[in-house]
Amino acid sequence: MSSFKKGRQLAGRGNEHANLTDQSNLLTDSIHPSILKQARKSGVLNLSQRGLSKVPESVWNIQEFIPEESKSVSLDNTDEKWWESVDLTKLILASNRLSSLEDGIANLTALTVLDLHDNALTSLPKAIKVLENLQKLNISRNQLKEIPSEVGCLLNLTTLQLENNQLTTLCEDICNLKSLDFLDLSHNEIKSLPDYMCMLSQLRDLNISNNRLTHLPPGIGALTALRRFDATHNQLVNLPEEFGNLLHLEQLHIRHNQLQYLPCLRHCTNLKEILAGNNNIRGLTEDHLQHLSALTCLDLRDNKIAKIPEKITLLKKLERLDLTNNDISVLPFEMGTMTNLKAIILEGNPMRSVRRDIIMRGTMELKKYLLSRMTDEESDKSQCSEVSSTNVGLPGAEKEMIRPHDLHQMKSLDYSQKKVPSIPDEVMVAAVEAGIRVINLSKNLFTDVPQNLSLLSSTLTELNLGTNKLVQVSPVIAGLHKLQFLDLRNNQLSSLPSELSTLSHLRELVLSNNRFQELPPVVFQLSNLEILFANDNKISQLDHAGFSQLTKLSTLDLQNNDITQVPPQLGNCTWLKSVLLTGNPLRNPRSAILAKGTNALLEYLRSRIQEN
């Protein structure tokens, strides 16, 4: 006799309509009869998080015993009716203290879902094999050391969750699960996958992350229904060539392994996402890229890639490219033509071909820059044959020579570290003929801006005069009206000429490590200025009215100066994204405010305006 019936009889046979709540106090198990009653109506029984160390017998016998009064056909009877009872199809026993299950589970043959996750199970009963209707089995977060062979009898199983156990191998019976769609084996101790896994022909999602795998079997290429594959956090040194046969694969997650190269995914034309960061990948080739026409996300961060091939443009649908922390110094100009690319992440690379300020402006500006350089390069191809005939050496430092051909190709002149006080005329003539846009004159002995720079007024966009002996800046620089970047760091400057106001295209100005006691007034007339570095000077006061005119300024570095007060009105310059003030003898604002970041600083300064 069921505990439910015992409870009814002990309450008194003469009182057929006694309250169930009173009767429940006499039950021998911990499950309230109203819960079982509801389960018989809905087919769902949820006993999660009840501290159970054993499943009550009333659960296994839930379909066998129905109270006698429930069988009454009286219209006045409000209790459950036997004809309303349905088979139990979903049983949730998650987050309890179960160490085993009884064979009584064989009574619940209609189950389609069995959730046992987060218990202390070390095994499953053999009787589980009779659950022929079971479709979803969750036994994750237990203490299983092997998959019971009886699981192989659950032929209708579509979802099997085994993550966070102590599995070291997979039983061969798992290959019988021909309907399996989702298999999670993550966070176990598995060292290898058996070849017979290839028989799981319907598998769409396979998660083997956080195991101890060093290789994958060639048979994995037979899982042609696979859409998502996750092998993150293993010890894989390569992927088999057969991996390229997964023609329906859409997501490939292989971060945190020891891969030195990607396989040629020849048939993976549906692949949309590759996460391959934190490996030892050294490069990409056209073979890696040419079949990935559907790829939208490529994560290659924290690898050892030194070069991105021009054929990156084969990834026509690529939207996100993460190259963080590699060894990349040059980007192919062709990347500027990738119209769908919305995010290029380059932090932690020794970039030389693209200035930092361009990268800081975001992906769209970077693509515009690359596209402009590519256009310039193509326009110069017709000149290359003429240049080669005059490809003679020009004087550099010691044995170094400057070739006109290189000037035409790169549109830049590196004349740094020559220890010279001036630029030879023949070098400047060659630079003019090549139409150079970038010139680096840093680490020389200039005491003023070279006068012959005026010859480059129609082309020059970047000028580096850092680490010289400049004591003044000649107004000749005002004639370089296309200048966008000007570096004057590490000199002996204390002022700038007012003529610099004509540099209407200037976006970045570097005045670091000089002798400025205030920001030169002409700086506030540079209406397109976006980045200003004035750190390591002797600036003591800030002109808030001047900053209010620089509405495009986003980065302001004033570290290591003599500033004691920041005017509250600076808080109104809400367009500022980064304000650096550490290393100043500030009395207000306090260092605690600075530590909260630029937004908090500006908000604090605005509040001071209101207080005043």
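From a predicted model like this one, the values you see are computed outputs, not experimental measurements.

K.L.:
I'm lost on the packing of aromatic side chains in this one. Help?
P.N.:
The way to describe two aromatic rings as a pair is by their centre distance and the angle between their planes. Per the counting criterion, the structure on display carries two aromatic pairs. Measuring from ring centre to ring centre gives 5.1 Å for F229 and F243, while their planes differ by 70°; the resulting arrangement is edge-to-face. Here F243 lies in the loop between β8 (228-230) and β9 (251-253) and F229 lies in strand β8, a separation of 14 residues in the sequence. Given a relative accessible area of 0%, F229 falls into the buried group. Pairing F524 with F547 gives two aromatic rings, centres 5.2 Å apart and planes at 80°, and the pair type is edge-to-face.

K.L.:
For this particular structure, what's the right way to read the pattern of salt bridges?
P.N.:
Any two side chains of opposite charge can pair, on the condition that their charged atoms come close. What the rule picks out here adds up to 12 salt bridges. Notably, a salt bridge pairs D181 with R204, separated by 3.4 Å at the nearest N-O pair. Linking D181 in the loop between β5 (159-161) and β6 (182-184) with R204 in the loop between β6 and β7 (205-207), this pair joins segments that are 23 residues apart in sequence. The class for D181 is partly exposed, based on a relative accessible area of 27%. Given a relative accessible area of 37%, R204 falls into the partly exposed group. The partner of D299 in a salt bridge is R255, with the nearest N and O atoms 3.8 Å apart. Placement of the pair is D299 in strand β11 (residues 297-299) and R255 in the loop between β9 and β10 (273-275), with a sequence separation of 44 residues. Connected through salt bridges with shared partners, the residues D205, R228 and D230 form a single ionic network.

K.L.:
Looking at this structure, how should I read the confidence of the model for the protein?
P.N.:
A low pLDDT score tells you not to read the predicted coordinates there in detail. In the predicted model, the protein carries a mean pLDDT of 85, and 86% of its residues have values of at least 70. Every residue in residues 71-76 is under pLDDT 50, and counting partners more than four places away or in other chains gives five contacts. This stretch, residues 379-400, has a pLDDT under 50; its non-local contacts, to residues over four places away or in other chains, come to 31 contacts.

K.L.:
Explain unusual backbone geometry here, please?
P.N.:
In terms of backbone geometry, most residues other than glycine have negative phi values and most peptide bonds are trans. With an omega of 5°, the peptide bond running from N588 to P589 counts as cis. Topologically, P589 is positioned in the loop between β23 (578-580) and α12 (591-594). For N210, which is not glycine, the phi torsion reads 55° and is therefore positive. If you trace the backbone, N210 turns up in the loop between β7 and β8. For N210, a relative accessible area of 26% translates into the label partly exposed.

K.L.:
I would appreciate a short explanation of the environment of Q143 in the present structure.
P.N.:
You can see Q143 is positioned in the loop between β4 (136-138) and β5. For Q143, the residues in contact, after removing those within four places along its chain, are A120, L121, T122, N165 and Q166.

K.L.:
How should I be thinking about the layout of surface pockets in this particular structure?
P.N.:
Summary: where empty space remains is shown by rolling a probe the size of a single water molecule over the atoms. Estimated volume of the second largest pocket: approximately 340 Å³. Here the lining of the second largest pocket takes six residues from helix α7 (residues 363-379), the largest share from any one element. Residue composition of the lining of the second largest pocket, by class: three nonpolar, four polar and 10 charged.

K.L.:
Can you help me understand the side chain of T159 in this one?
P.N.:
With respect to the secondary-structure elements, T159 resides in strand β5. Setting aside chain neighbours within four positions, we find T159 in contact with Q135, K136, L137, L180 and F182.

K.L.:
Help me understand the sheet that holds strand β19 (residues 485-487), please; the structure alone is not making it clear to me.
P.N.:
In any sheet, the strands associate via hydrogen bonds between backbone groups, in a parallel or an antiparallel arrangement. Strand order across the open sheet formed by eight strands is β16-β17-β18-β19-β20-β21-β22-β23, with parallel pairing between neighbours. Both edges of this open sheet fall to β16 (412-414) and β23, since each of them pairs with a single strand only. Direction aside, neighbouring strands of the sheet carry axes that sit 5° apart on average. Pairing analysis gives three bridges linking β19 to strand β20 (residues 508-510), with the strands arranged parallel. From the neighbouring strand, D487 faces β20, where its bridge partner is V510.

The rules behind these values
- Each chain has its residues counted from 1, following the order in which its sequence is written.
- Local features are withheld for residues below a pLDDT of 70 in this predicted model, meaning they are given only at 70 or higher, and side-chain atom pairs are given and counted only at 80 or more; totals for whole chains, interfaces and linings count all residues.
- Computation of side-chain values: all heavy atoms of the structure, hydrogens and water removed.
- Aromatic pairs are defined between Phe, Tyr and Trp rings, using the six-membered ring for Trp, whenever the two ring centres lie within 6.5 Å; interplanar angles under 30 degrees are classed as stacked, those over 60 as edge-to-face, and all others as tilted.
- Strands are runs of DSSP state E lasting at least 2 residues, helices are runs of H or I lasting at least 4, and numbering of each runs from the N terminus.
- Exposed residues in this analysis have more than 50% of their type's maximum accessible area, buried residues have under 20%, and partly exposed residues fall in between, with area computed by a 1.4 Å probe over protein chains only.
- Counted as salt bridges are all cases of a side-chain nitrogen of Lys or Arg within 4 Å of a carboxyl oxygen of Asp or Glu.
- Within a predicted model, pLDDT stands for the predictor's per-residue confidence, ranging from 0 to 100.
- Two residues qualify as a contact provided that any one of their heavy atoms is within 4.5 Å of a heavy atom in the partner residue.
- Cavities and pockets are defined on a 1 Å grid built over the protein atoms alone: a cavity is a set of grid points where a 1.4 Å probe fits but cannot escape, while a pocket is an open set with protein on both sides within 12 Å along at least five of seven lines, and lining residues are those with an atom within 4 Å of any such point.
- Grid points are joined across faces, edges and corners, and a volume is the space filled by probe spheres set on the points.
- For this classification, the nonpolar set comprises Ala, Val, Leu, Ile, Met, Phe, Trp, Tyr, Cys and Pro, the charged set comprises Asp, Glu, Lys and Arg, and every other residue, Gly included, is treated as polar.
- Two strands qualify as a pair provided that DSSP identifies no fewer than 2 bridges between them.
- Axis lines are fitted to C-alpha atoms, over the contacting stretch for helices. Their N-to-C directions set the angle, which ranges from 0 to 180 degrees.

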